[in-house]
Amino acid sequence: MGVVRAPYRPWLLPLLVLFISLFHTTLCNNAKINFREKEKQVLDQILGPGRYDARIRPSGLNGTGVDGPTVVRVNFFLRSISKIDDYKMEYSVQLTFREQWLDERLKFNDFGGRLKYLTLTEASRVWMPDLFFSNEKEGHFHNIIMPNVYIRIFPYGSVLYSIRISLTLSCPMNLKLYPLDRQVCSLRMASYGWTTDDLVFLWKEGDPVQVVKNLHLPRFTLEKFLTDYCNSKTNTGEYSCLKVDLLFKREFSYYLIQIYIPCCMLVIVSWVSFWLDQGAVPARVSLGVTTLLTMATQTSGINASLPPVSYTKAIDVWTGVCLTFVFGALLEFALVNYASRSDMHRENMKKKRRELESAQSMDAASDLMDTDSNTTFAMKPLVRHPGDLLAMEKVRQCEVHMQPPRPNCCKIWLSKFPTRSKRIDVISRITFPLVFALFNLVYWMTYLFREEAEEN
């Protein structure tokens, strides 16, 4: 049989192409318009009047019912830490805080994945957890240019709440090792009114706390942070609580340059008076008083930046010992001055005694010359008896056994300085630096080892 072919119509192909183009354009326009309309319809459907009550909390996770607690997962991004105040024992942070929970009443049709999520800027439109920061002193939201807050509602009913806030939080500090210390500052978040039977906070799995790169702090270094739970029980019930501990290490270089080295220099300058002449009273007094007042000013300035605590800090030990050394140098000059006056008084007494003895000897010589020529004198016998020789031998043996001990090096060295005032200065030149070096050794070994022990 033969095949019957349809007649060729050249106008049919352009007409078909035109029809397809018009249909595609109309379909795209309708889809675009329908997408925005559907988004509005979804918002009216799930949040319209009489459809959603923001006062009622969502049911439990995975449809466990009203009796199950609502689970809220928390995470935040730490943007900056502006200051850590030792005096007020507080620190200021800026963070992006996020909460996520499931509300089955907010489920909607995503139209084949075209509606990924709905975005709101009014937190009052949906139910919100009553979370608060338990150790917060001050805080504020950011409203420039628009309020830095958004709420995202996903098709399966998940709600994401994100907001940028700045907080000033209390941080109780232990300053026993200051400025060689480490401080742990906490950030605590808890439910204010809902107990654990109704609301439970959990850390988001994976990476609950994120910290901005190159976080810069003027006097501290953020070593690490730890997340934990801190549920609290009161007479009204048990409340869910989250906390993150931030471990800060104090930068010691600042305090080494501003406190420790200047104090060492003041102590060393106070030792200059040991090398001045003991008669230079104005120079030695002014040097001692100046260093003492400067050290006292330095100590008061350090204490002004710290809270008054009942225990002794490491910096108190250092400044107290340095102040004692400076005060000791001033007292040393007072002792030298007293010893100098005592030496002068002793020399004057010896001089008077020598003058008196010379006068007496001159009087005795004149008396001898004035005596009568017939006066007889006792003469020593020229012949010695055997008994006298034996007595002299015993005396010689006693002298051999009673020889004075050999003088040691210290006495020989001190004999070069005949006066007591000069000896005090010479001994102080050696004693003060040695004792200060010993104190430095004990101080740094003690507090550095204690710092390592607390770190471990």
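(A) Quick look at the environment of Trp 444. As for its placement among the helices and strands, Trp 444 is situated in helix H7 (residues 420–455). Along the backbone, Trp 444 and Ala 314 are 130 residues apart, and their C-alpha atoms lie at a distance of 10.0 Å. Contact partners of Trp 444, with chain neighbours within four places excluded, come to Leu 180, Phe 252, Tyr 260, Trp 318 and Phe 449.

(B) Structural view of the packing of aromatic side chains. Following the criterion strictly, the structure yields 27 aromatic pairs and no others. Plain terms: the ring middles of Trp 318 and Phe 436 are 6.2 Å apart, the flat faces sit at 55° to each other, and that makes the pair tilted. Linking Trp 318 in helix H4 (residues 314–369) with Phe 436 in helix H7, this pair joins segments that are 118 residues apart in sequence. The class of Phe 436 is buried, set by a relative accessible area of 7%. Counting every residue linked through ring pairs, the aromatic cluster contains Phe 252, Tyr 260, Trp 271, Phe 274, Trp 318, Phe 325, Phe 432, Phe 436, Phe 439, Tyr 443, Trp 444 and Tyr 447.

(C) Structural context of helix H3 (residues 281–304). For H3, spanning 24 residues, the distance from its first C-alpha to its last is 34 Å, which sits close to the expected 34 Å at 1.5 Å a residue. Burial in H3 covers these residues: Arg 284, Leu 287, Gly 288, Thr 291, Met 295, Thr 299 and Ile 302.

(D) Structural view of the side chain of Lys 313. Examined against the element boundaries, Lys 313 turns out to sit in the loop between H3 and H4. By relative accessible area, which is 5% here, Lys 313 ends up buried.

(E) Fine view of the environment of Val 42. With respect to the helices, strands and loops of the structure, Val 42 is situated in helix H1 (residues 12–47). C-alpha separation for the pair Val 42 and Leu 115, spaced 73 residues apart in sequence, amounts to 9.8 Å. Apart from residues no more than four positions distant in its own chain, Val 42 is found in contact with Phe 108, Asn 109, Phe 111, Leu 115 and Leu 118.

(F) Quick look at the packing of helix H2 (residues 252–270) against H3. One way to put it is that H2 packs onto H3 with a least axis distance of 9 Å and a crossing angle of 165°. The orientation of H2 with respect to H3, classified from their angle, is roughly antiparallel. In the crossing of H2 with H3, the sense of the turn from one axis to the other is left-handed. Only Leu 287, Thr 291, Thr 294, Met 295, Gln 298 and Ile 302 of H3 make contact with H2, whose side of the interface consists of Gln 258, Ile 259, Pro 262, Cys 263, Leu 266, Val 269 and Ser 270. Class assignment for the residues of the contact of H2 with H3 results in eight nonpolar, five polar and no charged.

(G) Quick look at the state of the cysteines. On inspection of all chains with the given rule, the structure shows two disulfides. Across the disulfide from Cys 171 sits Cys 185; the S-S distance is 2.0 Å. Because the sign of the S-S torsion sets the handedness, a value of about -80° for the bond joining Cys 171 and Cys 185 places this disulfide among the left-handed ones. Separated by 14 residues along the polypeptide, Cys 171 in the loop between strand E7 (158–170) and strand E8 (182–191) and Cys 185 in strand E8 bring together distant segments of the chain. Taken as a pair, Cys 171 and Cys 185 share a single burial class, namely buried. The disulfide partner of Cys 230 is Cys 241, and the gap between their sulfur atoms is 2.0 Å. Handedness here is read from the sign of the S-S torsion; for Cys 230 and Cys 241, about -55°, the answer is left-handed. Pair noted here: Cys 230 is in the loop between strand E11 (220–229) and strand E12 (232–234) and Cys 241 is in strand E14 (residues 241–250), with a separation of 11 residues, a long-range link. The burial state of Cys 230 is the same as that of Cys 241; both residues are buried.

Each value, and the rule that gives it
Residues numbered from 1 in each chain as written. Predicted model: local features only at pLDDT ≥ 70, side-chain atom pairs only at ≥ 80, totals over all residues. Heavy atoms only, no water. Helix = DSSP H or I, 4+ residues; strand = E, 2+ residues; numbered from the N terminus. Contact = heavy atoms within 4.5 Å. Phe/Tyr/Trp six-rings, centres within 6.5 Å; stacked < 30°, edge-to-face > 60°. Buried < 20%, exposed > 50% of the residue type's maximum accessible area, 1.4 Å probe, protein only. Expected span 1.5 Å × (residues − 1). Axes fitted to C-alpha atoms, helices over the stretch in contact; angles between N-to-C directions. Parallel < 35°, antiparallel > 145°, perpendicular 65-115°, else oblique. Left-handed = near helix turned anticlockwise from the far one by under 90°. Nonpolar A, V, L, I, M, F, W, Y, C, P; charged D, E, K, R; others polar. Disulfide = S-S within 2.5 Å.

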